[in-house]
Protein chains: 2
Amino acid sequence: MRVLVVEDERRLAAAVKRGLEAGGFVVDLAHDGVTGLHLATEGGYDSVVLDIMLPGLSGYRVCQQLRAAENWVPVLVLSAKDGEYDQADALDLGADDYLTKPFSYVVLAARLRALMRRGAVPRPAVLRSGDLTLDPSSREVRRGTQPVALTAREFALLEFLMRRAGSVVSKADLLSHVWDAGDDITDLNIVEVYVGYLRKKIDGPFGRRALQTVRGAGYRLATDGG
Amino acid sequence: MRVLVVEDERRLAAAVKRGLEAGGFVVDLAHDGVTGLHLATEGGYDSVVLDIMLPGLSGYRVCQQLRAAENWVPVLVLSAKDGEYDQADALDLGADDYLTKPFSYVVLAARLRALMRRGAVPRPAVLRSGDLTLDPSSREVRRGTQPVALTAREFALLEFLMRRAGSVVSKADLLSHVWDAGDDITDLNIVEVYVGYLRKKIDGPFGRRALQTVRGAGYRLATDGG
DNA sequence: ATGCCCGCTGTGAGCAGGCTGAGAAGCACT
DNA sequence: AGTGCTTCTCAGCCTGCTCACAGCGGGCAT
């Protein structure tokens, strides 16, 4: 099993290499994002371990570009514990698993094996929940074949919910991810307002309820689109 | 397998030649764009390695002219790591792969082999969206059979949009790709102005809207030409 | 049954994003 | 120098998005 490890801190990289080799992997190293991306695109790896903080091209970008090039090699992202990014962001960008530093090589190896067992699973470029589809690149949303016109904010909200379809997302989460965290907006009502707008547009006038309220917890987008 | 390497820096060119010959390729060198273009047009190569920064005729122009002459030999473009151009530009102009310096000869050789395995893939010489056509080599644009006269800037803008027809392109992207990145132009209004010019020319006076505004995101050229 | 939250929605102000007309500056060609 | 075209800046306008607010209603606990 060949693994590519992309990590700029040389000592850590070497340690990971040794750790994984001890676990029976064949390991190649890259010390910056650009090299990493090229080696990964080159193909031939069964999985890629990707640091987020990289000089030049960040791990996120690497992952994003890999997926954009339709390369579905399993990617495990490493991040510093106190990083500004979180798991959700990494998974959104097409990573398959996530580990915060410091971590144990045993755990890393085990997760890699799990990923590889699953193999390279293509993720469609378009999000789908039942007959509701959202294409991030063209910014088009359809209910069945019927196009749905959304404003920028509504679109961002729906995209976020669809990426987490099936799980409950709290209003605070939505506020911080869809409304640019760090702003001094704290009134959660705005989320309720936009959920209302969205419902009007994606659930027909009758009864459908793709976007469910989970009282006291948040909202959940039905995986079957309502 | 015969490869033409076009690279003005003699030492690097010689090194690449040695590296590829070690990998079993037969290598010819050209040290400037004009010679490179002649040798490549001459034919007989299974692939071409093309530096971007070349005296006289840039690698981009060489590639463009090759394709305009319906020569579909696989082209791999080399660029300096900090170059102002990016992968997308190279691929847009008809290159088949892209590598930033510094690179390893092993990787270069592997990629060339992959390219040759794929062989020469003709790309349509003319871009089309519905009844809107744009021919990059003759610089002609037609709506149906009706020719449309565009200025240089309008043409560049339309070409860029047509290469990404169906996806939303942000104004910032347009600004950096159509208006020569690196300039200190930051006022996005110029994009709006040119979109206006373009619409006047490619959408008739009535209702057509090939070039859609996606508020808060950018513009999208309809794949069916409006 | 009652009261209290929590969530929903109608209203309207403010404003950002996008469009356009006018015109200045630059360039090519005569 | 004159003409015509292209490129770009600027300011004003308009649309409709975004958001705060306040009142309403339904569910839940007591």
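What counts and what doesn't
Residues numbered from 1 in each chain as written. Chains lettered and ligands numbered in written order. Predicted model: local features only at pLDDT ≥ 70, side-chain atom pairs only at ≥ 80, totals over all residues. Helix = DSSP H or I, 4+ residues; strand = E, 2+ residues; numbered from the N terminus. Buried ≥ 20, exposed ≤ 12 C-beta atoms within 10 Å, placed from the backbone. Contact = placed C-beta atoms within 7 Å. Nonpolar A, V, L, I, M, F, W, Y, C, P; charged D, E, K, R; others polar. Near = placed C-beta within 6 Å. Pairing = 2+ DSSP bridges. Core = buried A, V, L, I, M, F, W, Y, C linked by C-beta atoms within 7 Å. Axes fitted to C-alpha atoms, helices over the stretch in contact; angles between N-to-C directions. Parallel < 35°, antiparallel > 145°, perpendicular 65-115°, else oblique. Left-handed = near helix turned anticlockwise from the far one by under 90°. Arc of directions from axis to C-beta. pLDDT = per-residue confidence, 0-100.

Thoughts on the overall build of chain A
Helix and strand counts for chain A stand at eight helices and 12 strands. Within chain A, the proportion of its 226 residues that are buried is 32%. Relative to all contacts within chain A whose residues are 6 or more apart in sequence, the contacts with residues 24 or more apart total 56%.

A closer look at the interface of chain A and chain B
At the interface, eight residues of chain A touch 13 residues of chain B. In terms of residue count, helix α2 (residues 33-42) of chain A provides more of the side of chain A that touches chain B than any other element does, three residues in total. Counted by class, the side of chain A that touches chain B contains two nonpolar, four polar and two charged residues.

Observations concerning the protein's contact with DNA strand D
DNA strand D sits among 22 residues. The nearest are Thr151(A), Arg153(A), Thr151(B), Ala152(B) and Arg153(B). At the level of elements, α6 (152-163) and α8 (189-202) of chain A together with α6 (152-163) and α8 (189-202) of chain B are the ones that each hand at least two residues to the surface near DNA strand D. Classifying every residue of the surface near DNA strand D by side-chain character gives 10 nonpolar, five polar and seven charged.

Focus: the protein's contact with DNA strand C
Around DNA strand C lies a shell of 17 residues, among which Glu192(A), Gly196(A), Thr213(A), Gly196(B) and Thr213(B) are the nearest. Taken together, the elements giving at least two residues each to the surface near DNA strand C come down to α8 of chain A together with α8 of chain B. Examining the composition of the surface near DNA strand C, we find that six residues originate from one element, α8(A), more than from any other. Grouping the amino acids of the surface near DNA strand C by side-chain chemistry returns four nonpolar, eight polar and five charged.

Considering the sheet that holds strand β11 (residues 211-214) of chain B
Residues and elements named next belong to chain B. Pairing in this open sheet of three strands is antiparallel, and the strands run β10-β12-β11 from one edge to the other. Two strands in the sheet have a free side with no partner beyond their single neighbour: β10 (168-169) and β11. The sheet contact formed by β11 and strand β12 (residues 218-221) spans four bridges and is antiparallel. Each residue of the ladder has a partner; that of Gln-212, found in β12, is Arg-220.

Some details on the nonpolar core
In this structure, Val3(B), Val6(B), Val48(B), Val49(B), Leu50(B) and Leu76(B) are the most contacted members of the largest nonpolar core, which totals 32 residues. Residues contacting Val48(B), with those up to four places away along its chain left out, are Leu4(B), Val6(B), Ala40(B), Val73(B) and Val75(B). Listed in part, the 31 residues of the second largest apolar core include Ala30(A), Leu66(A), Ala95(A) and Leu108(A).

Description of unusual backbone geometry
Look at Arg139(A): it is not a glycine, yet its phi comes out positive at around 55 degrees. Its place among the elements puts Arg139(A) in the loop between β7 (132-135) and β8 (140-143).

With respect to the packing of helix α2 (residues 33-42) of chain B against helix α3 (residues 59-68) of chain B
Residue and element names in this part refer to chain B. α3 packs onto α2 with a crossing angle of 25 degrees between their chain directions and a minimal axis gap of 10 Å. Between α2 and α3, the interaxial angle falls into the category roughly parallel. You can see that α2 and α3 cross each other, and the crossing is right-handed. Taken together, the residues of α3 that come into contact with α2 (itself represented by Gly-33, Gly-36, Leu-37, Ala-40 and Thr-41) are Gly-59, Arg-61, Val-62, Gln-65 and Leu-66. Partitioned by chemical class, the residues of the contact of α2 with α3 number four nonpolar, five polar and one charged.

Some remarks on the pairing of strand β8 (residues 140-143) of chain B
Residues and elements named next belong to chain B. Here strand β7 (residues 132-135) pairs with β8 via four bridges, running antiparallel. Across the sheet, Asp-135 pairs through a bridge with Glu-140, a residue of β8. Looking at chain direction, β8 and strand β9 (residues 146-148) are connected through three bridges and run antiparallel. Bridging from a neighbouring strand, Arg-142 pairs with Pro-147 of β9.

Some words on α3(B)
All names here are of chain B. Within α3 the residues assigned to the buried category are Gly-59, Tyr-60, Val-62, Cys-63, Leu-66 and Arg-67. Taken around the axis of α3, the buried residues stretch over an arc of 165 degrees, which confines them to a single face. Turning to α3, the residues buried within the fold contact β1 (2-6), α2, β3 (47-51) and β4 (75-79). Among the residues trailing α3, Glu-70 stands out with phi positive, at a value near 60 degrees.

A look at the confidence of the model for chain A
Across chain A, pLDDT averages 82, with 81% of residues at or above 70. Looking at the elements of chain A, mean pLDDT is at its lowest for helix α4 (residues 87-92) of chain A, recorded as 62, and at its highest for α8(A), recorded as 94.

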